[in-house]
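Structural characterization, general
Okay, here's what each chain looks like letter by letter:
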Amino acid sequence: METENSTSTGQIAELKEKVVQAIKQVYDPEIPVDVYELGLIYEITVYPVNNVFVLMTLTSPNCPSAEYIPSEVKDKIQQIQGISNVEVEVTFDPPYSQDMMSEAAKLELGFL
């Protein structure tokens, strides 16, 4: 039996989808594709009590938006009703490559 504080698998899946939609509102200012479709998001984990962990990368360690993009991802997720805590971690392992882009992103950028 679930308590009020527990989160069911369905609720976690629904919340994760809301997190994805929030992340899709964040764009690299130099590229007209959102960071999710660019393949910059490596992991999204929703923990009980609606805590969210995002592991992401940037197109380059020297990305001029290195400070801005992760904080915007965090801000967008925190705007979702019911979210308790958000942690965004940036990694460069594995290094980003264009192969990580979705088909939609490759099409938008003329790679297909």
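Heads up: the structure comes first, above all this text.
An account of the accompanying structure is given in this report. Remember, it's a predicted structure, so these values are computed and weren't measured experimentally.

Here we take up the nonpolar core. Residues Ile23, Val35, Val73 and Ile77 are the most contacted members of the largest nonpolar core, which totals 28 residues. Elements with a minimum of two residues in this core: helix 1 (9-23), strand 1 (41-47), strand 2 (51-56) and helix 2 (68-78). Looking at this core element by element, the count peaks at five residues for helix 1. Discounting residues that sit within four places of it in the chain, valine 35 has contacts with Ile23, Val26, Tyr27, Asp28, Leu40, Ile41, Ile69 and Val73.

Let us now look at the packing of helix 1 against helix 2. Across the interface, helix 1 lies against helix 2 with an axial gap of 9 Å and an inter-helix angle of 135°. The angle between helix 1 and helix 2 places the two elements in the oblique class. Judged by the sense of rotation from one axis to the other, the crossing of helix 1 with helix 2 is right-handed. The segment helix 1 lies against helix 2, with Val19, Ala22 and Ile23 engaging Val73, Lys76 and Ile77. Residues of the contact of helix 1 with helix 2, tallied by class, amount to five nonpolar, no polar and one charged.

About the cut-offs
Numbers given for residues are sequential positions, taken from 1 along each chain in its written order. Under the rules for a predicted model, residues below a pLDDT of 70 receive no local features and side-chain atom pairs below 80 are neither given nor counted, while totals for whole chains, interfaces and linings still include all residues. As a rule here, side-chain values come from all non-hydrogen atoms in the structure, and water together with hydrogens is ignored. What we call a nonpolar core is a set of buried Ala, Val, Leu, Ile, Met, Phe, Trp, Tyr and Cys residues that are connected through their side-chain atoms within 4.5 Å. Only protein chains enter the accessibility calculation, which uses a 1.4 Å probe; a residue is then buried when its area is under 20% of its type maximum, exposed when over 50%, and partly exposed in between. Helical segments are the DSSP runs of H or I of at least four residues, strand segments are the runs of E of at least two, and each set is numbered from the N terminus. Here, residues are in contact when the closest pair of their heavy atoms is within 4.5 Å. Where helices are involved, their axes are fitted lines through C-alpha atoms of the stretch in contact, as for all axes, and angles between N-to-C directions lie from 0 to 180°. The scheme is simple: roughly parallel for angles under 35 degrees, roughly antiparallel for over 145, roughly perpendicular for 65 to 115, oblique for anything else. Should the near helix be turned counterclockwise from the far one by less than a right angle, the crossing is left-handed, whereas a clockwise turn marks it as right-handed. Here the nonpolar group is Ala, Val, Leu, Ile, Met, Phe, Trp, Tyr, Cys and Pro; Asp, Glu, Lys and Arg are the charged ones; every other residue, Gly included, is treated as polar.

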